[in-house]
Amino acid sequence: MSAAKKILNDPRNAAAEMLDGLVAAYDGEARKVGSGSIVMNGLLEGKPALLVGGGSGHEPIYHGLAGRNLADGAACGDIFAAPPPGVILDATRAVHRGKGVLYLYGNYAGDVMNFDMAAELAAEEGIEVRTVLIWDDISSAPPERKKDRRGVAGLLMIVKIAGAAAASVDTLDELERIATKARDQTRSLGVAMKAGSIPATGKPTFELPDDELEIGMGVHGEPGVERAKMMTADELVPKMLDRMFADDLPLGDGDEVVFFVNSFGATTMTELLVVNGTARKILAERGIRVHDSVLGPIVTCQEMAGFSLSFTKLDDELKRYWDMPCSSLGYSKM
Amino acid sequence: MSAAKKILNDPRNAAAEMLDGLVAAYDGEARKVGSGSIVMNGLLEGKPALLVGGGSGHEPIYHGLAGRNLADGAACGDIFAAPPPGVILDATRAVHRGKGVLYLYGNYAGDVMNFDMAAELAAEEGIEVRTVLIWDDISSAPPERKKDRRGVAGLLMIVKIAGAAAASVDTLDELERIATKARDQTRSLGVAMKAGSIPATGKPTFELPDDELEIGMGVHGEPGVERAKMMTADELVPKMLDRMFADDLPLGDGDEVVFFVNSFGATTMTELLVVNGTARKILAERGIRVHDSVLGPIVTCQEMAGFSLSFTKLDDELKRYWDMPCSSLGYSKM
Amino acid sequence: MGRQSLNTEEVRQMLMHVADGMIASESLLTDADRAIGDGDHGVGIERGFRAARERVAEDRFENLAGVFLAVGTALVGSMGGASGAVFGTFFRSGGKALGVATEWDSAGLAAFLEAGLDGVMQRGGAKPGDKTMIDALEPAAARARALSGEALDVALASSVEAAQEGKEKTRNMIATTGKARALGERSLGHPDPGALSMTLILRFMQDYVNA
Amino acid sequence: MGRQSLNTEEVRQMLMHVADGMIASESLLTDADRAIGDGDHGVGIERGFRAARERVAEDRFENLAGVFLAVGTALVGSMGGASGAVFGTFFRSGGKALGVATEWDSAGLAAFLEAGLDGVMQRGGAKPGDKTMIDALEPAAARARALSGEALDVALASSVEAAQEGKEKTRNMIATTGKARALGERSLGHPDPGALSMTLILRFMQDYVNA
Ligand SMILES: Nc1ncnc2c1ncn2[C@@H]1O[C@H](COP(=O)(O)OP(=O)(O)O)[C@@H](O)[C@H]1O
Ligand SMILES: Nc1ncnc2c1ncn2[C@@H]1O[C@H](COP(=O)(O)OP(=O)(O)O)[C@@H](O)[C@H]1O
Ligand SMILES: [Mg+2]
Ligand SMILES: [Mg+2]
Ligand SMILES: [Mg+2]
Ligand SMILES: [Mg+2]
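Just so you know, these numbers come straight off a predicted model, no measurement behind them.

Peer 1: Even after reading the chapter, I still don't get the site of ligand 1, so can you show me in this structure?
Peer 2: Lining the immediate environment of ligand 1, one finds 20 residues, of which Asp38, Asp40, Ser83, Asp192 and Gly194 of chain C sit closest. Residue neighbours of ligand 1 fall on chains B and C, so the site bridges chains. Within the backbone of Met133 of chain C, a nitrogen or oxygen atom sits 3.0 Å from an oxygen atom of ligand 1. Contact distances for ligand 1 include 2.5 Å between an oxygen atom and a side-chain N or O atom of Asp192 of chain C. When ligand 1 is considered free in solution it has 560 Å² of accessible area, and contact with the protein chains removes 96% of it. Sorting elements by how many residues they give to the shell around ligand 1 places helix α5 (residues 81–96) of chain C first, with four residues. Looking at the shell around ligand 1 residue by residue, the classes come out as eight nonpolar, seven polar and five charged.

Quick look at the structure:
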């Protein structure tokens, strides 16, 4: 496989230049804080703050989910690397409006350690920080060991709902409760066909034979749970959904979900739509009602080919927050 | 180059299955009409209709721009092929509410012939049809021969503005006038690094040496105006903007634009953001103010690597329509 | 002694043969379009002629116009793209010119090709020299007119030659319409994919007539 | 007769040498992380040790703790990722244990490694056997404690051996933390990238001491 042809400047500087371009894309609605964060301007006073973040290279998330009725700010690390504590602390100070800060991010050892270090520093400054970890990837551990699961594409729904809640509620308790509920109601499963590469090395993050795919592969190309020969959408999607239905979130007749078909990068929207067609037939057979669909490359891994399926099971409260309009680089809703 | 690994069913059936998945993704807000069209439900009565369309394979456009305050419907052809007249006619009947229909689509021989044939059939049924052709690609002909230019990524702004107008104005005249103005104020230029492939053949639409790029390449991989060695964002973007500034749309101090950085597919959002950073510095130096930014893979060519820059110069009227909220698979705005 | 003419049923069979041949030429036509266009010409032609084949396989037709129109309508309705409109219009306009005739002779061939050419030129506005299928069709129509006193097989064979020569000349033309337009000078050296299709259509007609 | 100890300036120079060595190991570490993780370990280590090198190149330090803390703080502040927290914490916790000492001997080595190990385990919650850098660090610390009466060079050489053996044993472990966790059994056979880094850090210290 020949190396991806990327238009960048110094690849080692990609994350920093990405952030500058991101802030510019907000056209004055957001600003850069410290060396690695984006924070929205004009935040509502008297509200608990929502801070997200993680390694760069998965654009538009996480930093592209800073937005109106979305995250108040995002702390960005280098490509695939959690942000350092100092970056997170700067962002924490900038989003804080006296009501505490919720850290909402994916459950990776690096992120947990760095965000925890930042939380300790923030506490020393009298800023109350709570943490909700995102662990929606059912392939990364069995349901009993949910805390060992990775955070993947389902973060979109969790951050969307938490962002709407952050703009609506008055206490950190409430925000934490709602974000936790959204997290607990969300599941994802991915499949990969071809590796992406880190700009600085140009090397693919994994190797996969030309005629194979891998179910359960993570958004950094972490290995999955099943390798198989390439197959059609009608063969693959039921396999994936069966695994999801077998997880511990009961989903059946009359349940309502947000359904998200995410591309990891190179997989085309044409494919996502074909996959969606297959999936929707199966959901309909089970009586699962899709309240809203999202399709597109939102949680990506550079030029990796593959996609993931995610759903969040809604109750009235989650639905109300899901339905609120929002605006960001990564996801907007009228 | 090994063939792209795509998850589809019968590749020759990709366009049809894509459309079914697309309609499903609208969760009841839109329906399939005839064999190849998507039409929004609950259209406002008494308004002129906006119908877009074109070949499939560029998802999310065109059909993913059917939406609220966007296109009332879209007629889809097979991959890279204009829709047949019968498909367009079915969609025309479905969107028509007694005030006529505006056809708004890219200036390709195939689209023009098929839409014209449909317009003749519609006229026989007493439906008034007007046509505004999109020809924003500055690389495809000099300004004097604008009618020879292709329609590329700038269609996003033109359809967005026309869609907002269609929901607001009362006559086909007004809609045609506003769409024409948006079209006349829009310019685009692309660059490609690697070909996409048509699902049915799996063959790349063009060949490009591993270390070269081509400026001006079209969204079907049509050849461009300048081949060069791979270069950095800081080298490439000024080259592209210089060509755009040299075109016949005066752009300077105090002018306001919508600026759109579009990926053709495999080019990552990371790259788009780096490119945006470079571009915004140059725009700022010229005193051009970006009223709103759009970034992402919206006008794509399967897994083609490359991107395009587009802008629409705004006046008060265009800005008002641009700022209206909208909702669709391809582009939404709070 | 060659074939003087075909009756309606034979023309139907001929068009089935043309359809089979065009379907089998997908890859050839795709490659031609990859060189100077968007690489979908073969796929479109295949889709169209599958629909046409299905359409004329099931039916008996009253006259020549009926069967040519059926093919054209199937192409227009199924192909889309430039070539759906162009080749659909070619068969439809050409067919209409045959009125209620039920025997296709060399005069019928000339009438068919000339009316088809007119229809295509009206539809798309291209002229000879623009590097389109017109550059194969126009010399073929002229040759058929010149030989409209001869036997059908003679006139057709010569029209194929003219089309073939016309197609070859498109190598030296710069495309001014369709997806190949932007290629400008770089389209030089490559034949136009639609001109290749036009030539093949006539060649498969000839194969049937000679068989 | 080997080196008994290093003074603060020598430790600073040693850490410059470690930084150079780690920067040069980028590709090795990246490949190790590609095999079982997300392929960024080398890039992170390089970024961190460039920052650390810059930080200690400019400055003179009062005592050992100062220079180790400076390295650790530079790693935490620049690297991010699991290894930024882990290796930063290692240098910071280890450094703090040295109090105001200005001579680094084998007892200081043991104190440094033990306290570093404690800090890392508290920070990330991993234990020996989880296939992390702890599996190189823990045996190295134990060995240094056992040899804390010997000369620094002797104790360090033996600690490097212990780290190396520990790193090799990670091949037989299944990752339960970090990006490699999901690999499960497939992480078998590959050493842990962080354990490799830990071993290299000690190896470059040894190179300086022996030089
Ligand atoms: N205006 C026109 N008049 C006649 N033939 C045309 C015209 N435009 C395009 N063509 C023919 O169509 C062919 C391309 O067909 P095809 O690849 O199927 O369509 P598209 O250009 O829509 O991809 C060209 O090679 C040319 O011969
Ligand atoms: N909880 C932990 N305790 C100690 N070391 C850890 C822990 N988690 C990860 N590591 C170490 O970090 C290394 C991975 O570092 P790196 O690739 O830079 O970070 P990331 O996993 O964020 O990509 C692993 O090989 C492992 O040795
Ligand atoms: Mg990482
Ligand atoms: Mg085409
Ligand atoms: Mg074509
Ligand atoms: Mg790593």
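Peer 1: I keep staring at the site of ligand 2 and nothing clicks. Help me out?
Peer 2: Among the 20 residues in the neighbourhood of ligand 2, the closest are listed as Asp38, Asp40, His41, Ser83 and Asp192 of chain D. Each of chains A and D places residues near ligand 2. Here an oxygen atom of ligand 2 and a backbone polar atom of Ala82 of chain D are 3.0 Å apart. Contact with the protein chains covers 95% of the free accessible surface of ligand 2, which is 570 Å². Mapped onto the shell around ligand 2, the elements with two or more residues apiece are α3 (109–124) of chain A together with α5 (81–96), α6 (106–124) and α9 (193–210) of chain D. Ranked by residues supplied to the shell around ligand 2, first place goes to α5 of chain D with four residues. Here the shell around ligand 2 is built from residues that sort into eight nonpolar, seven polar and five charged.

Peer 1: Is there a simple way to think about the pairing of strand β2 (residues 37–40) of chain A in this case?
Peer 2: Side-chain positions along a regular strand alternate between the two faces of the sheet. All names here are of chain A. Covered by surrounding structure in β2 are Ser37 and Val39 together with Ile38 and Met40, the residues of both alternating faces. Here strand β1 (residues 30–33) runs beside β2; their pairing, made up of four bridges, is antiparallel. When the sheet's bridge partners are listed, Ala30 is paired in β2 with Met40. Connecting β1 to the antiparallel partner β2 that follows it, the hairpin turn spans three residues, and Gly34 within it adopts a positive phi of roughly 60 degrees. Relative to strand β5 (residues 73–79), β2 is paired through three bridges, and the arrangement is antiparallel. Counted as the bridge partner of Ser37 is Ala75 from β5.

Peer 1: Looking at this model, I keep getting lost on the interface of chain A and chain D. Mind explaining?
Peer 2: For interface size, the figure often reported is the accessible area lost on association. The interface of chain A with chain D comprises 34 residues on the first partner and 31 residues on the second. When chain A packs against chain D, close to 2500 Å² is buried across both sides, 52% of that on carbon and sulfur atoms. Per-residue buried area on chain A facing chain D is highest for Met113, Lys203 and Pro223 of chain A; these three make up 22% of the total on that side. Note that Arg12 of chain A and Glu26 of chain D form a salt bridge whose closest N and O atoms lie 3.8 Å from each other. Viewed at the interface, chain D and chain A are joined by nine residue pairs in polar contact (both at pLDDT 80 or more). Of all the secondary structure elements, the ones that give two or more residues to the side of chain A that touches chain D are β5 and α3 of chain A. Counting residues per element, the side of chain A that touches chain D draws most heavily on α3 of chain A, which supplies seven residues. Class assignment for the residues of the side of chain A that touches chain D results in 15 nonpolar, seven polar and twelve charged.

Peer 1: Sorry if this is basic, but what is going on with the coordination of the magnesium ion (ligand 5) here?
Peer 2: Ideal values differ by geometry: the angle at a metal is 109.5 degrees with four tetrahedral donors, but 90 or 180 degrees with six octahedral donors. Residues and elements named next belong to chain C. Coordination sphere of the magnesium ion (ligand 5), protein contribution only: Asp33 (OD), Asp38 (OD) and Asp40 (OD), at 2.0 to 2.2 Å. Each donor residue of the magnesium ion (ligand 5) belongs to the same chain, with the gaps between them written as D-x4-D-x1-D. Between the two metals, the magnesium ion (ligand 5) and the magnesium ion (ligand 4), the spacing is 3.5 Å, and Asp38 donates to both. In this pair, the class of Asp38 matches that of Asp40, namely buried.

Peer 1: Sorry, what's going on with the pattern of salt bridges here?
Peer 2: Pairing of side chains with opposite charge becomes possible as their charged atoms draw close. Under the criterion given, the structure shown has 95 salt bridges over all chains. Among the ionic pairs, Arg93 of chain A bridges to Asp90 of chain A, the shortest N-O distance being 3.3 Å. One end of the pair, Arg93 of chain A, and the other, Asp90 of chain A, are both in helix α2 (residues 85–95), three residues apart, so they sit about a helical turn from each other. Judged by relative accessible area, Arg93 of chain A falls into the partly exposed class, the value being 41%. Looking at Asp90 of chain A, the relative accessible area reads 26%, which means it is partly exposed. One salt bridge connects Arg187 of chain B with Asp247 of chain B, and the closest N-O pair in it is separated by 2.8 Å. With a gap of 60 residues between them, Arg187 of chain B in strand β8 (residues 186–194) and Asp247 of chain B in the loop between α6 (233–245) and β11 (256–263) connect regions that are remote in the sequence. Take Asp247 of chain B: its relative accessible area is 11%, and that puts it in the buried class.

Cut-offs and rules
Residues numbered from 1 in each chain as written. Chains lettered and ligands numbered in written order. Predicted model: local features only at pLDDT ≥ 70, side-chain atom pairs only at ≥ 80, totals over all residues. Heavy atoms only, no water. Near = heavy atom within 4 Å. Polar contact = N/O pair within 3.5 Å; in protein donor to acceptor, adjacent residues only side chain to side chain. Areas by Shrake-Rupley, 256 points an atom, 1.4 Å probe, with all protein chains shown as cover. Helix = DSSP H or I, 4+ residues; strand = E, 2+ residues; numbered from the N terminus. Nonpolar A, V, L, I, M, F, W, Y, C, P; charged D, E, K, R; others polar. Buried < 20%, exposed > 50% of the residue type's maximum accessible area, 1.4 Å probe, protein only. Pairing = 2+ DSSP bridges. Contact = heavy atoms within 4.5 Å. Buried area = accessible area lost by both parts, 1.4 Å probe. Salt bridge = Lys/Arg side-chain N within 4 Å of Asp/Glu carboxyl O. Donors = N, O, S within 2.8 Å, 3.2 Å for Na, K, Ca; no water.

Bear in mind that shape data such as this cannot, by itself, settle questions of function.
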